[in-house]
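As a plain string of letters, each chain reads:
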Amino acid sequence: MKCICQLVVVAFVGLATISTAAVAQKGYAIGIGGGVAIPVGKLSDTQNTGANGLLSLALGVAELPVGFRIDGLYAKVTRKSINLPASGPPATSDFRILGALGNVVYAFSGTSAKTYLIAGGGLYNTRFELQGAKSENHLGLNAGAGVTFGLGPIASFIEARYHFISRQPAQGGVLHFVPITIGFMF
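Let me sum up the structure you'll find in this document.

1. Let's talk about the overall build of the chain
Working step 1: The number of helices and strands found in the chain is three helices and eight strands.
Working step 2: In the chain, the succession of α and β elements from N to C terminus is α-α-β-α-β-β-β-β-β-β-β.
Working step 3: Residues counted as buried form 33% of the 186 residues belonging to the chain.
Working step 4: The contacts of the chain with a sequence gap of at least 6 include a subset with a gap of at least 24, amounting to 58%.
Working step 5: Carbon and sulfur atoms make up 68% of the accessible area of the chain, which amounts to about 10,200 Å² in all.

Dropping the structure here:
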């Protein structure tokens with residue numbers, strides 16, 4: 001967790017040091033959103049659909065279709081009820097995912113709505129919400145698509161992305177999930 005926080009701080013400090021001339025030429029937006037996190041693959045065998053949150057810093061030049069986005073991701077999926085052999089209560093443990101991601105965004109031209117493709121990678125911190133469970137850091141990739149709609153000085157967006165988190169087989173293997181996020185860019 002501490003490593004992810006440090007990575008996010010370093011990324012924001014690096015962006016803050018961009019020269020004034022470069023900032024004047026580039027646009028930026030801060031985004032916030034939330035939605036559902038859908039486990040897929042092996043993760044869907046034990047986890048139910050949960051929730052996700054997203055905090056973004058988007059950088060780009062208005063005249064160019066390519067931009068960059070730094071995302072902070074939070075997702076939590078709940079464990080499916082599993083009956084214990086004895087007549088005890090069902091065992092439950094939620095699974096939490098934090099991510100610090102760097103992405104390239106390609107926006108298609110449009111008037112009131114613009115579609116875009118997004119892809120990138122970063123560091124994911126995962127943890128089962130059990131007493132004594134330790135968090136783990138893993139590299140991963142993501143790709144997806146979305147659409148933005150202008151709402152006066154702000155823009156709304158909806159996007160879906162496929163996340164692939166690389167883990168060793170001894171740690172449970174690769175994780176896959178798809179967050180569907182609705183949010184605003186300021």
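2. Examining the side chain of H163
Working step 1: On the secondary structure map, H163 appears in strand 7 (residues 154-165).
Working step 2: With a relative accessible area of 1%, H163 lands in the buried category.
Working step 3: At 2.7 Å, the side chain of H163 forms a polar contact with the side chain of Y124.

3. Comments concerning the nonpolar core
Working step 1: Of all hydrophobic cores here, the largest spans twelve residues; its members are A37, L43, L73, A75, V77, F95, I97, L101, Y124, I165, L175 and F177.
Working step 2: Every element with two or more residues in this core is listed here: strand 3 (66-77), strand 4 (95-107) and strand 8 (175-185).
Working step 3: In contact with A37, other than residues within four places in its own chain, are T49, G50, A51, N52, A75, V77, F177, V178 and P179.
Working step 4: Within the second largest apolar cluster, eight residues are counted, among which are L54, A58, Y116 and M185.

4. Brief notes about the pattern of salt bridges
Working step 1: One pass over the full model with this rule turns up eight salt bridges.
Working step 2: R96 is paired through a salt bridge with E129; the nearest N and O atoms lie 3.9 Å apart. In this pair, R96 sits in strand 4 while E129 sits in the loop between strand 5 (113-128) and strand 6 (136-151), placing the two residues 33 residues apart along the sequence.
Working step 3: A residue is classified by how much of its surface remains accessible, and R96, at 9% relative accessible area, is buried.
Working step 4: On the accessibility criterion, E129 (32% relative accessible area) is partly exposed.
Working step 5: Residues E159 and R161 are paired through a salt bridge, measuring 3.0 Å at the closest nitrogen-oxygen approach.
Working step 6: When its relative accessible area of 4% is taken as the criterion, R161 is described as buried.
Working step 7: One network of salt bridges, in which partners are shared, links R69, D71, E159 and R161.

Conventions used here
Residues numbered from 1 in each chain as written. Predicted model: local features only at pLDDT ≥ 70, side-chain atom pairs only at ≥ 80, totals over all residues. Heavy atoms only, no water. Helix = DSSP H or I, 4+ residues; strand = E, 2+ residues; numbered from the N terminus. Buried < 20%, exposed > 50% of the residue type's maximum accessible area, 1.4 Å probe, protein only. Contact = heavy atoms within 4.5 Å. Areas by Shrake-Rupley, 256 points an atom, 1.4 Å probe, with all protein chains shown as cover. Polar contact = N/O pair within 3.5 Å; in protein donor to acceptor, adjacent residues only side chain to side chain. Core = buried A, V, L, I, M, F, W, Y, C linked by side-chain atoms within 4.5 Å. Salt bridge = Lys/Arg side-chain N within 4 Å of Asp/Glu carboxyl O.

Everything listed here is a matter of coordinates, which is why it stays silent on function.
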